[in-house]
Structures are given as structure tokens and as C-alpha cells.
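Listed below are the residues making up each chain.
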Amino acid sequence: MPEPILRVENVVKHYPLTRGIIFKKEIGQVRAVDGVSFDLMPGETLGIVGESGCGKSTLARLVMKLEDPTSGQIWFEGEDMAHLGPKAMRAKRRDIQIVLQDPYTSLNPRMTVGDIVGEPFDIHPSVLPKGDRKRAVQDLLEVVGLNPEHINRYPHQFSGGQRQRIGIARGLALKPKIIVCDEPVSALDVSVQAQVINLFESLQNEFNLTYIFIAHDLSVVRHISDRVGVMYLGKIVEVGDEASIYEHPSHPYTQALLSAVPVPDPVGRDERKRIVLQGDVPSPANPPSGCRFRTRCWKVQDICAEQEPPLVQIGTAGGQYAACHFPQERDILDNDVPTAALDLSEMPQE
Amino acid sequence: MSDPNASMAAAAPETVEKETYLGSDLPPAPGDKEKSRSLWSDAWRELKSNKVFIISLVLIVVFLIMTFFPQVFTFGKDPMACDLTKSRQAPSSEAWFGYDNNGCDVYTRTIYGAKASILVGVFATLFTMLLGGFIGVIAGFFGGWVDSILSRLTDIFFAIPLLLGGILVLTSFPASDSTNLYSEVAKVVLALGILGWTSMTRIMRSSVIQVRNADFVVAARALGAKNSRIINKHVVPNSLAPLIVLATISLGGYIGAEATLSFLGLGLQPPVISWGTMINDAQPYIRVAPFMLFFPAFFLSIAVLSFIMLGDAVREALDPKLR
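Residues numbered from 1 in each chain as written. Chains lettered and ligands numbered in written order. Predicted model: local features only at pLDDT ≥ 70, side-chain atom pairs only at ≥ 80, totals over all residues. Heavy atoms only, no water.

Novice: Describe the overall build of chain A, and please don't skip the residues or the numbers.
Specialist: Secondary structure summary: chain A contains 11 helices and 12 strands in total. A compact globule built from 350 residues would reach a C-alpha radius of gyration of about 20 Å, and chain A, at 22 Å, matches this within 12%. If you line up chain A on its principal axes, its C-alpha atoms span 75 × 60 × 45 Å. Residue burial in chain A is summarised as follows: out of 350 residues, 53% are buried. Considering only contacts in chain A between residues 6 or more positions apart, those separated by 24 or more positions represent 64%. (Helix = DSSP H or I, 4+ residues; strand = E, 2+ residues; numbered from the N terminus. Rg over C-alpha atoms; globule rule 2.2 N^0.38 Å. Buried < 20%, exposed > 50% of the residue type's maximum accessible area, 1.4 Å probe, protein only. Contact = heavy atoms within 4.5 Å.)

Novice: Which residues make up the packing of helix α5 (residues 106-142) of chain B against helix α11 (residues 275-282) of chain B, and what values do they have?
Specialist: Residues and elements named next belong to chain B. Orientation of α5 relative to α11, taken along the N-to-C sense of each, is 135°, at an axis distance of 7 Å. It follows that α5 is oblique to α11 by the angle criterion. Touching V106, R109, T110, G113, A114 and S117 of α5 are W275, M278 and D281, all from α11. Of the residues assigned to the contact of α5 with α11, the class counts are four nonpolar, three polar and two charged. (Axes fitted to C-alpha atoms, helices over the stretch in contact; angles between N-to-C directions. Parallel < 35°, antiparallel > 145°, perpendicular 65-115°, else oblique. Nonpolar A, V, L, I, M, F, W, Y, C, P; charged D, E, K, R; others polar.)

Novice: Now, about the sheet that holds strand β3 (residues 45-49) of chain A: what can you tell me, with residues and values included?
Specialist: Sheets are built from strands that pair by backbone hydrogen bonding, the pairs being arranged parallel or antiparallel. Residue and element names in this part refer to chain A. Spatially, eight strands are ordered β6-β7-β8-β3-β9-β10-β12-β11 in an open sheet, and the strand pairing comes out mixed. The open sheet terminates on both sides in strands that have one partner only, identified here as β6 (96-99) and β11 (312-313). By the bridge criterion, two bridges tie strand β10 (residues 235-241) to strand β12 (residues 321-322) in an arrangement that is antiparallel. Bridging across to β12, V239 finds its partner in Y321. With respect to the sheet, helix α6 (residues 190-207) is in contact with β3, β6, β7 (178-182) and β8 (210-214), its orientation differing from that of β8 by roughly 160°. (Pairing = 2+ DSSP bridges.)

Novice: Now, about unusual backbone geometry: what can you tell me, with residues and values included?
Specialist: Residue and element names in this part refer to chain A. Notably, K65 is not glycine yet its phi reads approximately 55°, a positive angle. Considering the arrangement of structural elements, one finds K65 in the loop between α1 (56-63) and β4 (71-76). Residue K65 is classed as buried on the basis of its relative accessible area of 19%. You will see that E183, though not glycine, has its phi angle at about 50°, which is positive. Position of E183 relative to the elements: it lies in the loop between β7 and α6. For E183, a relative accessible area of 7% gives the class buried.

This is the structure in C-alpha cells:
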């Protein structure tokens, strides 16, 4: 068994809610990420899905050490990132890079593409002697499928997909080991999404990259991921390899999410029963007691409010973990499942 | 990048194949010959077709020539050569703007007066722009208690009206006997600048706060960039536009403020010639010799107006939301 390249252990990020201008009083906390653990193996792609506000992007920032966790550890190649000094951290950043969501805001509009993609070399001058940089930048542009002659153009002269390729080239410049992709395709057209996803895949093969791929589009994540983690309100509620999550999800939230994936086949679409969740995501400043999903779950029992379900292994195949008191593997195309959260027969009688 | 042999064939045979970054293979790329379009050059193209911009620019160029080469307009007349016998003579073909109380040629003095006014305007603007811009960048970028302290400090200075402050400073440090134009100008610049920087700070701070959390700053941080680099390369270039606009507009305001202070007898002092001092000189004779007041006041208005029009045109070009 190889060593994981990145190990995230029980990472927590709470943002204080304060009141007052000069004398700040803490009146609560937003629990953006609340106890997330996972291992990342070299060369694998971990997809992370969840709806808006569930803490995906905060998790990405924590892994990148753009923010310090409130508690918990992040180990990169056996080193605890919290104990790295500023200088050592700057050197570490060469190995772990990020591709951001919005290609329209992630590129400095006043810099040329050559300066943007070449900036990593300016920040880490030891990587490459000055004379080789222009060529390296052109090389990178070529690798991500852009015309290397466009080195003197500005970002606003490119389309969204091309801009995202520029962002990828910048992330790739230092030859990182891990790339954190924070919703890298959600701002793009569907046809362009496919091209960019394919680019990610071919780059992974070529440069042996490890990805953390964050998205809210399940079909995108399925395409690229080896393993998938589902987040809800700052916690991972289910994690497993791509096949087990997508074919027999066991956490009710995963099931509900998957039932919402558009099915292109009209026959399958008619047969499928959608699980429509009631209500909104509770505020992360005041999450429900016990299981966080209980306020929207159709299987809720008394125990759900009292005890928080731990992330335990599901099934015998191994590799699939879910945090639910009543996990039940379910084929989402199966017809004999309860149709919706409205199915009152399954609700506990008050 | 899939088949290395194909690329070897594609590369020019006489050049030695160099190990490329990332091991990909591409033929040596020729230099980019096409014209690149930066946002600044886009703004310039927009400005070039703006009539208001052209008119105000022409006027400003005329005023600048007056500042540095007044002889061009005065046909060798000396503004200090006065003849008391001609006191308050009305405009004639000999003296287009008439003579003032001391029998000096108003036209020549108006032309020479541009120098002090323009210098005060330009240097007061530069001073407030640098000081205010710097404080604004520090407050906006670092936030937290740094921002709190600097912002409250700005508020305190902001609460004092510019002219009142200028009067206070200039009366506390009364005119020396120096007749040197530059030291007089420097004094007025300091009096205006010491209170004028606050609006620059506010504009810069808010525009830095907008840029500070932009994704490209996050990306630079993720690459390991230091704060100094982030400020210089990312934050300042992207937050400068509002400051430039405010600076062009307030340049006109400073010229007016200088005239006001000089009119009150506090700013520039005779024998330094400025539009403000000329208006001050003319004030007792408004009824008998209105031309003494009219011409310097007219030049002052045109100068202020042209800088404000320039600022307006620049704002339109730099602010993409208005397009």
C-alpha cells in the first residue's frame, strides 16, 4: 500500500461571527468545514461534490493553506503543513497548485498571458533561469492547447474556455504534484466543459498529477474521479470509489443528489423517481444537532437528533464509507423505493 | 505532444533540438507580431475619439505652454514693467486686457500668472495622490486594525474643510520675506495637500478592497507570492483607475483653492503673480475697472473647467461599466 501524498485529518474551519465595530464581540461561528478527513493517493483524483455553501471551496483553501484551519492537521508527503515556516511553505507551494473557478476573475486583466503564466517563475526564480522562461511559457501554452504565439495578448482577448486553459497553464508551470481544482468548469459552457475536462485528464496522464476536483455537477465529477466524497454542511457524509457512490449510494443525501442528475435517455428519465428534498440547507452558523441532514431526511428517527453518525464502512467490498444511522444501498433507477421525502409512512409518528 | 518523432520532423533540422520545459515538443515559436491590446491602450483609443477629451487636452496643452514658456504669448513684454501713468487704462489695441492699478499690462500678467496656478495644481495633486494613494493601499490591503486606525485618521482630517485648513496652516506659518516663486508654491501645496489627501485615501482604499479578494490575487498567493509583489503587480495596477480620475478632477479644484487662498491674501503673495493675487488686486476696483477682474477670473475658470472635463472623459474611458 503506497503512502498517501496528502492526508487531511479532522480538519475544522470556523469563521467567527462578530458584532460591533471597535469592541468586537463574538456572537457565534460559521462552521464552514467541520471535521473532514481523507487520504489522497498519488495519481488519483478525488472528486468532492455538494451544494453551494457546504464548505467545498473552504476545504480547497485549507488544503492550499490559503487559510489556516481552526483545528486538525493536513499532512503533505508526511509533513504537517501547519508547522512549516513562511519560507518552507513558499517552497512547498511549488508542489500543490490550484485552478480557480471563474476564468473571468482569476486572471489579472492588466497582465499579458505571458506574464500570467510566467509569474510562477518570477516567484520561484530558482526553478528556471531567466533566459528559458519565455520558451517555458510558450511550451505551457502549447501543452494546454493554446497558440504559443499569443503570449503578448491580454486575458480579455480570449474566450472563457481559453482563459481557463491559461489558468491551468499557470497552475501547471511549477510542475506540481497535486492540483486542487475548485469548480474549474462550472463557469464554462457545456461543450467547453468537456474539452477542459479532457484536458485535465490528459494532463494527469502526462505529468502524473494528483487532483482534488471540486464541483457541484455530479456527472462532471463522475467522469474524472477515481473516488468521490459528498459533502453536506461542512462534513463528508459519504465517500467511496466512483462506481460504488454512483451505482449504489447509501447515504440519503447522496441518493437525493444523484436522483437530480439529468438523464439524457427519455425512457430512463421517465422510470426514475426523483427524490425531492424539502426545505433549505440549514445555516452553518447553527447546524442541527446529531446528524446534520436530519432536517431534510425522510428516514429520520429519534436517534438522528441525538447522536451524530460516524463515517463507517458500508458493504463488504470496502472503500465505501457513509455517515448515516440507516444506510441503505439503493439503486437510484429502482422503482420500488419510497418516492420522496413526502412519503409520510416512513416518517416517525409524533 | 504524443509522438516525439513527428515533432522532430516538424522542427527545423538545422536547429539543435533543445530539451523543452515539461518535455513537450513544439517548433520554436516566432515572436508575437500582432499588436497587443492592453486595457490602458483600449482606454486611449476610446479617448482619442472623444471630442471633450480633445478640447480639454488642447486647452491644457496651451496652459502648459503658458506655464513653461510664457514669452511665446507675451511678445517679450515684461510683467513687472509697469507704468503708473497708465493705471487702470481700459483694454486697447496696445494692451488687450487693459492696465491694472499699478499700470502693469493685465494680459502679460495673466499669461505669467498661469505658472503659479498650474504648478500649485499639479504638485498639490501629485502630493495628495502619492500620500493618499499610499495610505489607501495600506489600509485597504491589510485591513483589520491597520485599516481601522488609518480610516479613523482619514475621517479626522476629512472633517476639516480644505479651505479652512489651508487658512489655518497659512496663518500659522505666515509668509516669509521670500519672493521665490517655488518656495511660495511649495508652501501652498503643503497647505492644500495636508488636508486634501483624504478623498484620495478613501477612493484608493475602497478600490483596493475590491481587488484584494479577487481570484487572481488568490492565485498569486497560492503560487507563494509575497505581499509586496501582490500589491505592486496585482492590486495597484487594478485599483489605480478611480484614483487617476479623481486626481484629474481635483487638479482643477486645487487651482481654484489656490486662487481662493491668494484672493484672501493668504496663499501666494505679491510680487508672485498668480490669478488669485490678480483677482485680489482687482477687488477694490470692480466698478471702475472690471476688466482687471474679468480676465484672470476667465482664465482661471477655463483652466479649472478643462481639467474637470479631462477627468470626466478619462473616467468614461477607464470605467467599463459606463460603456
